[in-house]
Amino acid sequence: MSDPAPFHPLTPGTQPEYDTPSYGSTAKRHPQAALIAVPTTLTEANGPRFSPLHFPALADLSVTAGRPALGERIIVEGRVSDEDGRPVANTMVEIWQANAAGRYDHPGDQHDAPLDPNFHGEGRVFTDAEGRYRFVTIKPGAYPWRNHPNAWRPNHIHFSLFGSGFAQRLITQMYFPGDPLLELDPIYHAIADRAARERLISRFDVALTQPEWALGYRFDIVLRGRGATPMENT
Amino acid sequence: MPAATANQTIGPYWHLIEHAEWADLTRFGANGEVITVTGCVRDGDGAPVADAAIEIWQADPPVDAAFPGFGRARCDAEGRFRFRTLKPGPVAGRGNAWQAPHLALALHARGVLKPLFSRLYFAGDPRNESDPLLSAITDPARRETLLAHEIGAGHWHLDIRLQGAGETVFLTV
Ligand SMILES: [Fe+2]
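Reading the values: the criteria
Residues numbered from 1 in each chain as written. Chains lettered and ligands numbered in written order. Predicted model: local features only at pLDDT ≥ 70, side-chain atom pairs only at ≥ 80, totals over all residues. Heavy atoms only, no water. Helix = DSSP H or I, 4+ residues; strand = E, 2+ residues; numbered from the N terminus. Rg over C-alpha atoms; globule rule 2.2 N^0.38 Å. Contact = heavy atoms within 4.5 Å. Areas by Shrake-Rupley, 256 points an atom, 1.4 Å probe, with all protein chains shown as cover. Lys, Arg positive; Asp, Glu negative; His and termini not counted. Charge placed at Lys NZ, Arg CZ, Asp CG, Glu CD. Buried < 20%, exposed > 50% of the residue type's maximum accessible area, 1.4 Å probe, protein only. Core = buried A, V, L, I, M, F, W, Y, C linked by side-chain atoms within 4.5 Å. Phe/Tyr/Trp six-rings, centres within 6.5 Å; stacked < 30°, edge-to-face > 60°. Donors = N, O, S within 2.8 Å, 3.2 Å for Na, K, Ca; no water. Tetrahedral: all angles 85-135°; square planar, octahedral: opposite > 155°, others 65-115°. pLDDT = per-residue confidence, 0-100. Pairing = 2+ DSSP bridges. Axes fitted to C-alpha atoms, helices over the stretch in contact; angles between N-to-C directions. Buried area = accessible area lost by both parts, 1.4 Å probe. Salt bridge = Lys/Arg side-chain N within 4 Å of Asp/Glu carboxyl O. Polar contact = N/O pair within 3.5 Å; in protein donor to acceptor, adjacent residues only side chain to side chain.

This paragraph deals with the overall build of chain A. When helices and strands are tallied, chain A shows two helices and 14 strands. The C-alpha atoms of chain A give a radius of gyration of 19 Å, which matches the 17 Å a tight globule of 234 residues would have. Counted over contacts in chain A with a minimum sequence separation of 6, partners at least 24 positions apart contribute 71%. Surface summary for chain A: the accessible area is close to 10,400 Å², and the carbon and sulfur share equals 56%. Measuring between centres, the 22 positive side-chain charges of chain A sit 2 Å from its 27 negative side-chain charges.

Okay, here's the thing in structure tokens:
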């Protein structure tokens, strides 16, 4: 068996550092010893395969049992590709988010903002053959946190992606254009490279917007690539 | 193409995508040697990491309709997690090398801005001696942080320390 093609090393500055003093929770949760580099083996080059039979899609977060959630209805659509430009097909995309008032339907969220009985905030779809995904949801509200005085998280939707190899695992957040909280947010600013940071901001797209129904935001995602010779999935 | 999209923390509210049954990789009827894997995650002060998501991925046995190869579990208030899965066999390494049986681990939590990758090996397995990763870790105390111990029949336990004394070996994959 030939060796799997190695993943490209991550480009310096384009990923956050574990030790980010401006984000207080990293203080006791970042490793202090040097990480050990593992060459790409079958362990990293392969990854989970989720059958849509076992993991049914939750593509519309804006309606619960036929009842619409409160807030601004939006369409979030994008394409998942790898660093070599290839679409990542049939991969699971999970999202979760606060409601329009900035409150998570989560027992740990004690923010004094109302819950919405018609909004839970979990979504899951699989990309199509061209790597495209699409959700209908509600624009999440900003919410306070205790990182520093008067700290507020910018509006965001959490994303989780798998790709085809475990080394491609991605947990990120999608932001919204024009949000004044972005410049004040230490999580967003944990990414040193400005262009890499700004790629987490979705684009308003009038062509994706559906008249008299919902605004459209486009959020394309790039997973790590590993050269020109894709290995067969096993 | 631009570089890979940047990671951001999973935050404290990721349980909206938690489904407790995902921690049981045998739930679709997989056949094999069933094991329980438990652990406890602590931070640099030794305090439990109560909001972490622990993920396991194993390239062996091969994924099929009955075996997803992937599981996700929450840490509870004491930082404890638990999986049920099939005991892996060895996995091809690079060249002619073989890797000892192992689980790949990914840890996500508030205060962790990109996934922390590690591995769980099975203490006492003679194949550990020739495993390329374990062999590359010369400090026995560091190496020990990747070895789960069998604390009951078929029950393997590994503690994870994010920082400080006994800090787990984390990996760049
Ligand atoms: Fe959030």
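Tracing the chain through its elements places Ser 25 of chain A in the segment before strand S1 (36–37). For Ser 25 of chain A, a relative accessible area of 19% puts it in the buried group. Residues within four places of Ser 25 of chain A in sequence aside, it is in contact with Arg 110 and Gly 111 of chain B.

Let us now look at the nonpolar core. Residue and element names in this part refer to chain A. Membership of the largest hydrophobic core comes to 36 residues, with the highest contact counts inside it found for Tyr 133, Ile 157, Phe 159, Leu 161 and Ile 221. Looking at this core, the elements that each hand over two or more residues are strand S4 (73–82), strand S5 (92–96), strand S7 (132–138), strand S10 (156–161), strand S11 (170–175) and strand S14 (221–223). Every residue in contact with Leu 161, bar those within four places of it in the chain, is listed here: Val 80, Met 92, Val 93, Gln 168, Arg 169, Leu 170, Ile 221 and Leu 223.

The next thing to look at is the packing of aromatic side chains. With the rule as written, the count across this model stands at 21 aromatic pairs over all chains. Aromatic pair Tyr 104 of chain A and Tyr 143 of chain A: ring centres 5.2 Å apart, planes at 75 degrees, arrangement edge-to-face. With Tyr 104 of chain A in the loop between S5 and strand S6 (122–126) and Tyr 143 of chain A in strand S8 (residues 143–145), this pair connects stretches of sequence that are 39 residues apart. For Tyr 104 of chain A, a relative accessible area of 0% corresponds to the buried category. For Tyr 143 of chain A, a relative accessible area of 8% translates into the label buried. Centroid distance Tyr 143 of chain A to Tyr 13 of chain B: 6.3 Å. Interplanar angle 70 degrees. Geometry classified as edge-to-face. Here the residue Tyr 143 of chain A occupies a position in strand S8, and Tyr 13 of chain B occupies one in the segment before strand S1 (34–42), the pair thus bridging two chains. Under the relative-accessibility criterion, Tyr 13 of chain B is labelled buried at 14%.

Residues and elements named next belong to chain A. The iron ion binds to the protein through Tyr 104 (OH), Tyr 143 (OH), His 156 (NE2) and His 158 (NE2); the donor distances cover 1.9 to 2.2 Å. Coordination geometry of the iron ion: the four donor atoms subtend angles of 91 to 160 degrees at the metal centre, consistent with an arrangement described as irregular. Sequence positions of the donors to the iron ion reduce to the motif Y-x38-Y-x12-H-x1-H. Residue Tyr 143 is found in strand S8, and its partner His 156 is found in strand S10; the two are separated by 13 residues along the sequence.

Moving on, we come to the confidence of the model for chain B. Across chain B, the average pLDDT comes to 97, with 100% of residues at or above 70. This complex was scored by the predictor with a pTM of 0.97 and an ipTM of 0.97.

Looking now at the sheet that holds S10 of chain A. Backbone-to-backbone hydrogen bonds pair the strands of a sheet. The strands run either parallel or antiparallel. Residues and elements named next belong to chain A. The four strands are arranged S6-S5-S10-S11 in an open sheet whose pairing can be described as antiparallel. Whereas interior strands pair on both sides, the edge strands pair on one side only; in this sheet they are S6 and S11. Shown here is a sheet whose adjacent strand axes are inclined to one another by a mean of 25 degrees, direction ignored. As paired strands, S5 and S10 are joined by four bridges and run antiparallel to one another.

Attention shifts here to the interface of chain A and chain B. Many authors give the size of an interface as the accessible area that is lost as the parts come together. Listed by partner, the interface residues are 81 residues for chain A and 67 residues for chain B. Note on chain A versus chain B: buried area summed over both sides is about 6,400 Å², and carbon and sulfur give 59% of it. Ionic pairing is found between Asp 51 of chain B and Arg 29 of chain A, a salt bridge with its closest N-O pair at 2.9 Å. Across the chain A-chain B interface, the total number found is 40 residue pairs in polar contact (both at pLDDT 80 or more). Looking at the side of chain A that touches chain B, the elements with two or more residues in it are S1, helix H1 (42–45), S4, S5, S6, S10, S11 and S14 of chain A.

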